[in-house]
Amino acid sequence: MIPMLGEEEAEAAAEAVRSGWVAQGPRVARFEREFAATVGAGHGVAVSSCTTALHLALVVRAVGPGDEVIVPSLSFIATANAVRYVGATPVFADVDLATGNLTVETVDAVRTPRTRAVIAVHQGGVPFDTAALRKAAAGWGLALVEDAACAAGSTAYGQPAGAGAAIAAWSFHPRKVLTTGEGGMVTVDDAEVATRLRRLREHGMNVSAADRHASAQPVLEAYLETAYNYRMTDIQAAVGLVQLGRLAGLVAQRRELAARYHELLADIDGLVPVRDPAYGQSNYQSFWVLLNPAFRTGRDEVLAELARRGVSARRGIMAAHLEPAYADVAPGPLPVTERITRDSLILPLHHRLTEDDQKHIVGVLRELAH
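To keep things clear, this report deals only with the structure shown in the data block. (Residues numbered from 1 in each chain as written. Predicted model: local features only at pLDDT ≥ 70, side-chain atom pairs only at ≥ 80, totals over all residues. Heavy atoms only, no water.)

Side note on the nonpolar core
Move 1: Counting residues in hydrophobic clusters, the biggest one holds 46 residues, and the most contacted among them are Tyr 261, Leu 265, Phe 287, Leu 345 and Leu 365.
Move 2: In contact with Leu 345, not counting residues within four places along its chain, are Phe 287, Trp 288, Val 289, Leu 291, Arg 299, Val 302, Leu 303, Leu 306, Ala 313, Arg 314, Arg 315 and Gly 316.
Move 3: Within the second largest apolar cluster, 40 residues are counted, among which are Ala 88, Ala 143, Val 193 and Leu 197. (Core = buried A, V, L, I, M, F, W, Y, C linked by side-chain atoms within 4.5 Å. Buried < 20%, exposed > 50% of the residue type's maximum accessible area, 1.4 Å probe, protein only. Contact = heavy atoms within 4.5 Å.)

Quick look at the structure:
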């Protein structure tokens, strides 16, 4: 992945610096409004990362010690870590082979009386079945936190992936389609929850620093609860606003590149590329391929040969339960998760990728398949 950053972003950041307001301020507020509108949410609350967004989402859902939270192991480790931040226990569920996402069935298989919430990930930009999982979570009486770290520009049932989510967490890391360098967002439809989230990201203050400075009279703030410093800067938000204007074009370009990959890879036996699910469209934040037993070369050998031939591919999505940090967790069987993390790899997909680049990449894979 190469982030699409240009002179407009540089100028927007410079203008924020020249304005004298570089901390959380008016640009953050505007970015929150415009991002929420773009993803179909009522309110946006900008924070320092998607990890902190997930943490705050669990805090406002009152998840804590003694509770279990169902998460996919097949996700960046931050998804599971956020559960531990609030003192709860992550419970790993398996995923669908085609999408890499939780399903109603995989969640139900590990649900217990202690389950308080589910964190469902739109993996690599592929949306999970929002209609099915939201309905199931509501029926079970569970909070559904949507990890939309990779999903800006993805759609489900003809709407942005975040539309209709009670609470969702987003990432603006440079690996994402829309970046602010570092940064994240929580989107919610409940105005009172948004107000509390804004307090929680700023030490629990009942009046923001921006509002205090804008007042003509001294403002004596109060600190209503123990909270955090999870703020975004106006410099980041200035970049984010430019990026937001690019989003539709970036997604369209990525989908064109993905379509070319599908065409070029179609005749290679033993290799299955990620595709749109029937109910939505991916932004193709990651384009992964799954190697079947018919593929002659093992995944790690494929990565090594691609690197030798000048192609910067990466291993597929990690499985948190296989990492040392979760060695103390004894999950149930996760056969699909382990298959995907063992046998998949992520191919380059970015705005500088040419047709010749893609032909070269697929040519190497074709040689390794036979």
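Digging into the packing of aromatic side chains
Move 1: Using the criterion set out here, one finds nine aromatic pairs in the structure.
Move 2: For the pair Tyr 157 and Tyr 279, a centre-to-centre distance of 5.7 Å together with 20° between the ring planes defines the contact as stacked. Here Tyr 157 is found in the loop between strand E6 (155–156) and strand E7 (159–160), whereas its partner Tyr 279 is found in the loop between strand E10 (271–273) and strand E11 (280–281), with 122 residues between them in sequence.
Move 3: Residue Tyr 279 is classed as buried on the basis of its relative accessible area of 18%.
Move 4: One aromatic cluster is present, built from ring pairs that chain together Phe 31, Phe 35, Trp 170 and Phe 172. (Phe/Tyr/Trp six-rings, centres within 6.5 Å; stacked < 30°, edge-to-face > 60°. Helix = DSSP H or I, 4+ residues; strand = E, 2+ residues; numbered from the N terminus.)

So, the packing of helix H3 (residues 50–60) against helix H4 (residues 78–85)
Move 1: Contact pair H3 / H4: the axes reach a minimum separation of 9 Å and the direction vectors enclose 40°. Classed by the angle they form, the pair H3 and H4 counts as oblique. In this structure, H3 crosses over H4, and the sense of that crossing is right-handed. Counted together, Thr 51, Leu 54, His 55 and Leu 58 of H3 and Ala 78, Thr 79, Ala 82, Val 83 and Tyr 85 of H4 form the full contact between these two elements.
Move 2: For the contact of H3 with H4, the per-class residue count stands at six nonpolar, three polar and no charged. (Axes fitted to C-alpha atoms, helices over the stretch in contact; angles between N-to-C directions. Parallel < 35°, antiparallel > 145°, perpendicular 65-115°, else oblique. Left-handed = near helix turned anticlockwise from the far one by under 90°. Nonpolar A, V, L, I, M, F, W, Y, C, P; charged D, E, K, R; others polar.)

Things to note about the environment of Phe 76
Move 1: Here Phe 76 shows up in the loop between strand E2 (68–72) and H4.
Move 2: Separated by 153 residues in sequence, Phe 76 and Asn 229 have C-alpha atoms that sit 23 Å apart.

A word on the pattern of salt bridges
Move 1: Within this structure, the stated rule accounts for 26 salt bridges.
Move 2: Notably, a salt bridge pairs Arg 116 with Asp 67, separated by 3.5 Å at the nearest N-O pair. Pair noted here: Arg 116 is in strand E4 (residues 115–121) and Asp 67 is in the loop between H3 and E2, with a separation of 49 residues, a long-range link.
Move 3: For Arg 116, a relative accessible area of 35% corresponds to the partly exposed category.
Move 4: Classification of Asp 67 by relative accessible area gives buried; the value is 14%. (Salt bridge = Lys/Arg side-chain N within 4 Å of Asp/Glu carboxyl O.)

Describing the sheet that holds E4
Move 1: With mixed pairing, seven strands are arranged side by side in an open sheet as E1-E9-E8-E5-E4-E2-E3. Taken across any chain shown, the strands that pair with only one partner, and hence form the sheet edges, are strand E1 (43–47) and strand E3 (89–93). For this sheet, the mean inter-axis angle between neighbouring strands, taken without regard to orientation, is 25°.
Move 2: Sheet topology note: the E4/strand E5 (residues 143–147) ladder contains five bridges and is parallel. Within the sheet, the bridge partner assigned to Ile 119 lies in E5 and is Val 145.
Move 3: In the packing of H3 onto the sheet, contacts are made with E1, E4, E5, strand E8 (167–171) and strand E9 (184–188), and the angle to E8 comes to roughly 165°. (Pairing = 2+ DSSP bridges.)

Thoughts on the sheet that holds E6
Move 1: Taken in spatial order, the three strands line up as E7-E6-E11 in an open sheet, and their pairing is antiparallel. In the strand order of this sheet, the two ends are held by E7 and E11, each with one partner.
Move 2: Bridge count for E6 against E11 is two bridges, and the pairing is antiparallel. Looking across to E11, one finds that Thr 155 is bridged to Gln 281.

What is shown is where atoms sit, not what they do.
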